[in-house]
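Commentary on secondary and tertiary structure
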Amino acid sequence: MNKGLKILHVSVVYGNGSGGAALIVDSLCRVLESHGHRNAVLYDQQAGTLPRADRQTLGLPGLCEATLRPDRAKLAGLEAWLDEVQPDIVQFHQVENFHLVRELARRYPSVLYIYNHLLTCPSGTRYWAGPGQLCALTTGPACLLNHYTQRCGSRRPQKVLSNYWKTVQSFQAAQAVGQVVVISDYMKETLVAAGYPAQRVRTIYALTPSILAPAEPTVPPSEENLLLFAGRVTEIKGLEVLIEALPLLKSPWRLAVAGDGYRLPAAQARAGRLGLSDRIEFIRWVPNEGMADLYRRASLVVVPSIYPDPFVLVGIEAMRRGRPVVAFGVGGIPEWLQDGYNGFTCRHLDRADLAAKIDLVLQDPDLAARLGANGKLKAERDFNPTHILSQFEECYAEAIAQYEVVSC
């Protein structure tokens, strides 16, 4: 792509004080800017300070929320700013306001970037907590009943109906954009199974600051047998399952938990009941720049997600630092975690298997070093920022071409 583009990113959250989507948006902007493109960001919530003062930005609280009717006053308030920005293309970052998606997709070439189950699951989990099973259904009336029979989401009737309606409307609004981009082939499969045209879905891996950072020499763990969990502390992220597996370990161990969330008190209580509190360090949320020290300390990283996690960027960050990973082989995880090569995958919800695979790494430092080295090579090869940039440029070009054909 010869001509530099002006890309308008629309995101729920933007700023240096958050992880997830905010990091992905800023990292993508940085790569695009390094190759002559310009960015503007329209966001709902500001988290901390804004990354760069020279990007055009506009924050409108409530902008990305799904509503029964379009907020015409808010859309009208955007007019002057959009005229000033004059984007060549709009990139939505899993925006739930389907009215906004439809309106901007009508005006500009557009791309929808999805890193969760927004378009294919009303509960957002694709997981039945009752029986502990992964869900393979596409959105339909059965989802309304499954909230109660399979415990896959909220049981409040208004919330159940609202989530179902939002998923159906978001899927329909996605038909208006030129390209849908997902962060794993697993997500592409679920989207195509739900009826979205395969030729308009592509997989492009996400970027984070640690992926963009220059590669560092791999150093031995600074603490012996330290396990690291990093992420949101929710039921589906599986911290409590990991804690239940720890008494089965034969090796000495300690666990550092870098994360916060509504299940943190329950996880701490579970550790207390099992007599493990003195061996688990609950650090809570750690800023991105503080994670480097934790990765240096850790012997391995555990990703115990019990739902089909779309990708898990923590795994890629661990690989870049030469750390092996142990995880349940669900969702998009097997796309980057190759069993026996850069870590181990475990049988879903099998605490004994999880403990056994962790023990394999802790008991054999040479194996741990080999797995870590393999992971570092895989991360540098498969998650190369220059390659990801070229994929986005191709995606933008195709979306622009599609829009020009439709507009003629």
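A short tour of the structure in this document, coming up. (Residues numbered from 1 in each chain as written. Predicted model: local features only at pLDDT ≥ 70, side-chain atom pairs only at ≥ 80, totals over all residues. Heavy atoms only, no water.)

Things to note about the sheet that holds strand S2 (residues 38–46)
Across the sheet, which stays open at both edges, the seven strands sit in the order S3-S2-S1-S4-S5-S8-S9 with parallel pairing between neighbours. Both outer strands of the open sheet, strand S3 (56–59) and strand S9 (201–203), are each paired with one neighbouring strand and no more. The average angle at which neighbouring strand axes cross in this sheet is 20°, direction not considered. As paired elements, strand S1 (residues 6–14) and S2 share eight bridges and run parallel to each other. Bridge pairing links Val10 to Leu42 in S2. On the sheet, helix H3 (residues 98–107) packs against S1, strand S4 (89–93) and strand S5 (110–114) and is oriented at approximately 165° with respect to S4. (Pairing = 2+ DSSP bridges. Helix = DSSP H or I, 4+ residues; strand = E, 2+ residues; numbered from the N terminus. Axes fitted to C-alpha atoms, helices over the stretch in contact; angles between N-to-C directions. Contact = heavy atoms within 4.5 Å.)

Quick word on the layout of surface pockets
Roughly 350 Å³ of internal volume is contained in the second largest pocket. Forming the boundary of the second largest pocket are 18 residues, of which Pro221, Ser299, Pro365, Ala368 and Ala369 lie nearest the centre. Elements that contribute at least two residues to the lining of the second largest pocket include exactly helix H12 (351–362) and helix H13 (365–382). In terms of residue count, the dominant contributor to the lining of the second largest pocket is H13 (five residues). (1 Å grid on protein atoms, 1.4 Å probe; cavity = no way out; pocket = protein on both sides within 12 Å on 5 of 7 lines; lining within 4 Å. Points joined across faces, edges and corners; volume = space filled by probe spheres on them.)

Things to note about the packing of H3 against helix H5 (residues 157–174)
What describes two packed helices is the angle between their axes and the distance between those same axes. Contact geometry of H3 with H5 gives a least axis separation of 9 Å together with a crossing angle of 10°. Taken together, H3 and H5 sit at an angle that is classed as roughly parallel. Residue-level inspection shows Phe98, Val101 and Arg102 of H3 in contact with H5, the latter providing Trp165, Lys166, Gln169, Ser170, Gln172 and Ala173. (Parallel < 35°, antiparallel > 145°, perpendicular 65-115°, else oblique.)

Considerations on unusual backbone geometry
Most of the time, phi is negative for any residue but glycine, and the peptide bond is trans. For Gln94, which is not glycine, the phi torsion reads 35° and is therefore positive. Along the polypeptide, Gln94 turns up in the loop between S4 and H3. Residue Gln94 is classed as buried on the basis of its relative accessible area, which comes to 17%. The phi angle at Val312 is positive, at roughly 80°, despite the residue not being glycine. Here Val312 shows up in the loop between strand S13 (300–303) and helix H11 (313–320). With relative accessibility at 12%, the residue Val312 sits in the buried group. (Buried < 20%, exposed > 50% of the residue type's maximum accessible area, 1.4 Å probe, protein only.)

Some points on the side chain of Glu33
Here Glu33 shows up in helix H1 (residues 21–34). Among the polar contacts made by the side chain of Glu33, one reaches the side chain of Asn39 at a distance of 3.1 Å. A distance of 2.9 Å separates polar atoms of two side chains, one belonging to Glu33 and the other to Arg52. Those residues in contact with Glu33 that sit more than four places away from it in its chain are Asn39, Arg52 and Arg55. (Polar contact = N/O pair within 3.5 Å; in protein donor to acceptor, adjacent residues only side chain to side chain.)

Digging into the packing of H11 against H13
At a minimum axis distance of 7 Å, the contact between H11 and H13 shows a crossing angle of 110°. If you check the angle between H11 and H13, you find them roughly perpendicular. Two packed elements cross with a definite hand, and for H11 against H13 that hand is left-handed. On H13, the residues touching Ile316, Met319 and Arg320 of H11 are Gly372, Gly375, Lys376, Lys378 and Ala379. In terms of residue class, the contact of H11 with H13 is built from three nonpolar, two polar and three charged. (Left-handed = near helix turned anticlockwise from the far one by under 90°. Nonpolar A, V, L, I, M, F, W, Y, C, P; charged D, E, K, R; others polar.)

Here's the deal with the pattern of salt bridges
The final tally for this structure, using the stated rule, is 25 salt bridges. Across the pair Asp260 and Arg284 runs a salt bridge whose closest N-O atoms are separated by 3.2 Å. Residue Asp260 is found in the loop between strand S11 (254–258) and helix H9 (264–273), and its partner Arg284 is found in the loop between strand S12 (280–282) and helix H10 (291–297); the two are separated by 24 residues along the sequence. Arg284 sits in the partly exposed class, given a relative accessible area of 41%. Put simply, Asp26, Glu33, Arg52, Asp54 and Arg55 are held in one network by salt bridges that share partners. (Salt bridge = Lys/Arg side-chain N within 4 Å of Asp/Glu carboxyl O.)

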